[in-house]
Amino acid sequence: MKRSWIWICAVSCFVVGCYKEAENGPLGPTPYQLNIPKGLPPMIIPADNPLTVEGVYLGRMLFYDPILSGDNSQSCASCHMQQHGFTDGQKYSVGIDGIEGKRNSMPLINLGWQSSFFWDGGAPDLESQALDPVINPIEMHDTWANAVNEIKAIPMYQNLFKKAFGIDEITTPYVVKAIAQFERTLISGDSKYDQYKRGEAYLTPLELQGLDLFTDMNKGDCNHCHVLGSTFSDFAFRNTGLDSIPVDEGRYIITWNPADKGKFKTPSLRNIALTAPYMHDGRFNTLMECVEHYNTGFRYTPNLDPNLYTAQKGRMTQQEREAIVAFMHTLTDESFIQMEDFQDPR
Amino acid sequence: MLPVFIYSNLIMMSSRLLLNSSRRAKETLIFLLCFSIVTVLVSCRDKETEEEQVVTVNPPAVRVNFLNRVGDSAIVAGHFYDRDGGESFSLDLFKYYISHAALVSDAGDTLYLNEHTLIDEFDANRRGFSACPSIDGLNSAHFNQMIFALGVDQQHNTSGDQAGDLDPVYGMIWTWSTGYIFLKHEGQFLSSTGTTEPLLYHLGTVKAFTPVSLPIDIHLENEKQFNINVKFDLNKMYSAVSNIVFEGNNVIQSTAPNDLPWILEMKANIAQSFSIVN
């Protein structure tokens, strides 16, 4: 009995001592625990934008809110739909003024492992990336001043920003921080291939043949760039010989380095069967057309990737190409496109 | 009130225990009580009170104003100004970033005044910045040089989610890649055939970052206010070193390597376009 009194006294003292500290502010948002699937490395998260439950939820609300476009008709989700691996299934996306863009909407999958964004790597982080579509005249065509003012006028957002970041004054950096937080949670790692690697599923003989060809340097040689397992891309910039003279100069627009003409970021192959059409300009409608491009279609252009330059044209048979496509279908993650946490929370 | 209530109850309970317990338990209780009193006192001590006890001397208050001019003329929106070279132009928008401004003393000390400030000719609240730099410990408070840069440094130019004057709400970021527009001049000019044509110059990229160095003669003292007026002459911006011709080059947004010669000409001109005026 006496011992318990001693404990009560001691604990009370600490409670009283800490009371002043506690009344100075709330305990802050709750850290968000990312569920990183086996096979993917730890995600590097910017020190100034740690993931929190409140921040991710706010980002999810903003991602689906058309308030970020000039006429409040389009949200991020208009061109990044979950069922299409967060692309829009179109060759080019169409902005609020009915103007067609020049590049294919990029999938939003496993973004936390990438170090540059857009097809040409024009944005170095997700926070910066989220700034551009909002003010691009051929996309959401708003101004940040207008978008932030509209957000400020909604009491719900005042409350959500306060909870997520402890701020009373909503500013642009916090809007993009929240969106980036949500985007970092869009993780895919439960495809049939992942299950096969974990010993939970079997691949068919055709899929297994495709897997072999994927890594065979004299056949598919896909593995050089779309590194098998993990992220299925090294996210480097390459010219894959789509045009003899690049119509879109790609990475060169950012770096002004002639060696970057016609280079684009290697996309991940995860959920690739969901994200048609393909390439930076959406020129191929099917995965078979893509494989055929790397088999015989590529053109000998300056800056052509050395792996293609040395590849023999016509090295894969029709059956082999079908096997590679069958393997790529095993990278579809059904749970990713059905995940409730990724849907519009309204 | 809550801490006082809990604390008084605690003392009452402890006193009763002290009366009724063994010697060893009493010793433990006394130790815990002393420890808790110290804990409470330490955690409740008001740090602000501590700071107030230090006697402070106010550092000098420095105000830096940017006076945008065409020659000696102040700028009026829509008014056409004759350039030294002949072409007439107007301004509807004129904004630029001034970063890392500092005064350099006779002894070589550098006294920084700002990080990034957006100057906007058509916003009276954005034509300069104020600073209260500490001159304590400097070898000399006489400054003979003012340095700053037009533009945003590379570290800040490669990240978009920034606050203050770098907040994207000011419309000074590109829409096609991450980075800031260092200077915007939008208006019109009169072509050689007498027509009015749009003039849109957006200067940027890492190659456009322009360090500026100006002679100055200023002695800072604590408790006093100082004004530094920096003139930015647009005539010089378009002709100090290289003559920029608007005709045929009236819309340039620093988007392609073809714009590089213009960027470098503008940079060379801008470095010569500022002066300290009374």
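Summarised in this report is the structure supplied together with it. (Residues numbered from 1 in each chain as written. Chains lettered and ligands numbered in written order. Predicted model: local features only at pLDDT ≥ 70, side-chain atom pairs only at ≥ 80, totals over all residues. Heavy atoms only, no water.)

A short note on the overall build of chain A
Note the cut-off: Comment: elements are numbered from the N terminus, with helices defined as DSSP H or I runs of at least four residues and strands as E runs of at least two. Residue exposure (1.4 Å probe, protein chains only): buried if accessible area is under 20% of the type maximum, exposed if over 50%, otherwise partly exposed. The criterion used for residue contact is that any of the two residues' heavy atoms lie within 4.5 Å. Accessible areas in this description were obtained via Shrake-Rupley with a 1.4 Å probe; residue shielding takes into account the shown protein chains only.
A count of helical and extended segments in chain A gives 14 helices and 2 strands. Seen along its three principal axes, the alpha-carbon backbone of chain A occupies a region of about 85 × 55 × 35 Å. Put simply, chain A has 346 residues, and 53% of those count as buried. Put simply, 64% of the contacts in chain A that link residues at least 6 apart link residues at least 24 apart. Carbon together with sulfur atoms contributes 56% to the accessible area of chain A, which is approximately 15,800 Å² in total.

With respect to helix α9 (residues 205-215) of chain A
Residue and element names in this part refer to chain A. Quick note on the threshold: It is the directions from the helix axis to the C-beta atoms that the arc portrays.
Buried within α9 are the following residues: Glu 207, Gly 210, Leu 211, Leu 213 and Phe 214. Angular distribution of buried residues about the axis of α9 spans 165°; they occupy a single face of the element. Facing away from the buried surface of α9 by more than 90 degrees, the exposed residues are Pro 205 and Asp 212. Where the residues of α9 are buried, they touch α8 (192-197) and α13 (318-329).

Here we look at the packing of helix α11 (residues 287-297) of chain A against α13(A)
Residues and elements named next belong to chain A. Going by this rule: Every axis corresponds to a line fitted to the C-alpha atoms, with the helix fit spanning only the stretch in contact, and the corresponding angles, defined between N-to-C directions, vary from 0 to 180 degrees. Any angle between 65 and 115 degrees counts as roughly perpendicular, while under 35 counts as roughly parallel, over 145 as roughly antiparallel, and the rest as oblique. Helix crossings get a hand from a simple test, with the near helix turned counterclockwise from the far one by less than a right angle marking a left-handed crossing and a clockwise turn marking a right-handed one. Under the scheme applied, nonpolar residues are Ala, Val, Leu, Ile, Met, Phe, Trp, Tyr, Cys and Pro; charged residues are Asp, Glu, Lys and Arg; polar residues are all the others, including Gly.
Here α11 crosses α13 at 125°, and the two axes come no closer than 10 Å. In terms of orientation, α11 and α13 fall into the oblique class. Remark: the crossing between α11 and α13 carries right-handed chirality. Judged by residue contacts, Leu 287, Met 288, Val 291, Glu 292 and Asn 295 of α11 engage Gln 318, Arg 321, Glu 322, Ile 324, Val 325, Met 328 and His 329 from α13. Split by residue class, the contact of α11 with α13 holds 6 nonpolar, 3 polar and 3 charged.

Topic: empty space enclosed by the protein
Residues and elements named next belong to chain A. What counts is decided by this rule: Here a cavity means grid points, on a 1 Å grid over the protein atoms only, where a 1.4 Å probe fits yet cannot get out; a pocket means an open set of points with protein on both sides within 12 Å along at least five of seven lines; lining residues are those with an atom within 4 Å of a point. Grid points are joined across faces, edges and corners, and a volume is the space filled by probe spheres set on the points.
By the definition in use, this model includes 4 cavities of 30 Å³ or more. The wall of the largest cavity is formed by 37 residues, among which His 226, Pro 267, Leu 269, Met 279 and Tyr 294 lie closest to the centre. If you list the elements that add at least two residues to the lining of the largest cavity, you get β2 (264-265), α11, α12 (306-309) and α13. No other element matches the 4 residues that α11 contributes to the lining of the largest cavity. Looking at the lining of the largest cavity residue by residue, the class counts come to 21 nonpolar, 11 polar and 5 charged. Considered as a void within the structure, the second largest cavity measures approximately 80 Å³ in volume. Arg 238, Asn 239, Thr 240, Gly 241, Leu 242, Asp 243, Pro 246, Val 247, Asp 248, Gly 262, Phe 264 and His 280 together form the lining of the second largest cavity. Looking at side-chain class alone, the lining of the second largest cavity contains 4 nonpolar, 5 polar and 3 charged residues.

Section: the environment of Gly98(A)
All names here are of chain A. Here Gly 98 shows up in the loop between α2 (53-63) and α3 (126-129). Looking at Gly 98, the relative accessible area reads 53%, which means it is exposed. On a C-alpha basis, the gap between Gly 98 and Ile 138 in space is 8.0 Å, while along the polypeptide they are 40 residues apart.

Considering helix α6 (residues 155-165) of chain A
Because each turn of an α-helix spans 3.6 residues, side chains separated by three or four positions in sequence point in the same direction. All names here are of chain A. Where α6 is concerned, the buried positions are Tyr 157, Leu 160, Phe 161, Ala 164 and Phe 165. Down the axis of α6, the buried set is contained in an arc of 100°. They therefore lie on one face. Of the residues trailing α6, Gly 166 is marked for its positive phi of about 70°.

What about the state of the cysteines?
Here is the rule: Note on terminology: pairs of cysteine sulfur atoms within 2.5 Å are recorded as disulfides.
Tallied over the entire structure, the rule returns 0 disulfides over all chains. With no disulfide partner, Cys79(A) has as its closest neighbouring cysteine sulfur the one in Cys76(A), 9.2 Å distant.

Here we look at unusual backbone geometry
Residue and element names in this part refer to chain A. A cis amide bond, omega -5°, links Ala 276 with the succeeding residue Pro 277. Along the chain, Pro 277 falls in the loop between β2 and α11. Of note in the backbone geometry, Asp 221 takes a positive phi value of approximately 50° without being a glycine. Its place among the elements puts Asp 221 in the loop between α9 and β1 (237-238). Exposure remark for Asp 221: the relative accessible area of 14% places this residue in the buried category. Of note in this structure, Asn 303 is not a glycine but carries a positive phi near 75°. Inspection of the secondary structure puts Asn 303 in the loop between α11 and α12.

A few points about the layout of surface pockets
Taken as a whole, the second largest pocket holds about 470 Å³ of empty space. Along the walls of the second largest pocket sit 20 residues, with Ile254(A), Thr158(B), Ser177(B), Thr178(B) and Val206(B) positioned nearest its centre. Sorting the residues of the lining of the second largest pocket by element identifies α10 (252-255) of chain A together with α4 (154-157) of chain B as the ones contributing at least two each. Across the lining of the second largest pocket, the residue classes tally to 8 nonpolar, 10 polar and 2 charged.

Considering the nonpolar core
In plain terms, the rule: The nonpolar core is taken to be a set of buried Ala, Val, Leu, Ile, Met, Phe, Trp, Tyr and Cys residues, with the residues joined through side-chain atoms within 4.5 Å.
Leu68(A), Trp144(A) and Phe274(B) are the most contacted members of the largest nonpolar core, which has 104 residues in total. Excluding residues that lie within four positions of it along the chain, Leu68(A) makes contacts with Leu62(A), Cys76(A), Val134(A), Met140(A), Asp142(A), Trp144(A), Ala147(A), Ile151(A), Val175(A) and Ile179(A).

Quick notes on the environment of Tyr64(A)
Residues and elements named next belong to chain A. To be explicit about the condition: We call two N or O atoms a polar contact when they sit within 3.5 Å, provided that within protein one can donate a hydrogen and the other can accept it, with sequence-adjacent residues counted only if both atoms are side-chain atoms.
Looking at the secondary structure, you find Tyr 64 in the loop between α2 and α3. Between the C-alpha atom of Tyr 64 and that of His 80, which follows or precedes it by 16 residues, the distance is 9.7 Å. Those residues in contact with Tyr 64, other than ones at most four positions away along the chain, are Ser 75, Ala 77, Gln 82, Phe 86, Phe 182, Phe 342, Gln 343, Asp 344, Pro 345 and Arg 346. There is a polar contact of 2.5 Å between the side chain of Tyr 64 and the backbone oxygen of Phe 342.

Thoughts on the side chain of Asp161(B)
With respect to the secondary-structure elements, Asp161(B) resides in the loop between α4 and β10 (181-190). Assessed through its relative accessible area of 10%, Asp161(B) is described here as buried. Engagement of the side chain of Asp161(B) in a polar contact is seen with the side chain of Lys177(A), the distance being 2.8 Å. At 3.2 Å, the side chain of Asp161(B) forms a polar contact with the side chain of Ser159(B). Not counting residues up to four positions away in its chain, the partners in contact with Asp161(B) are Asp48(A), Glu127(A), Ser128(A), Leu131(A), Pro173(A), Val176(A) and Lys177(A).

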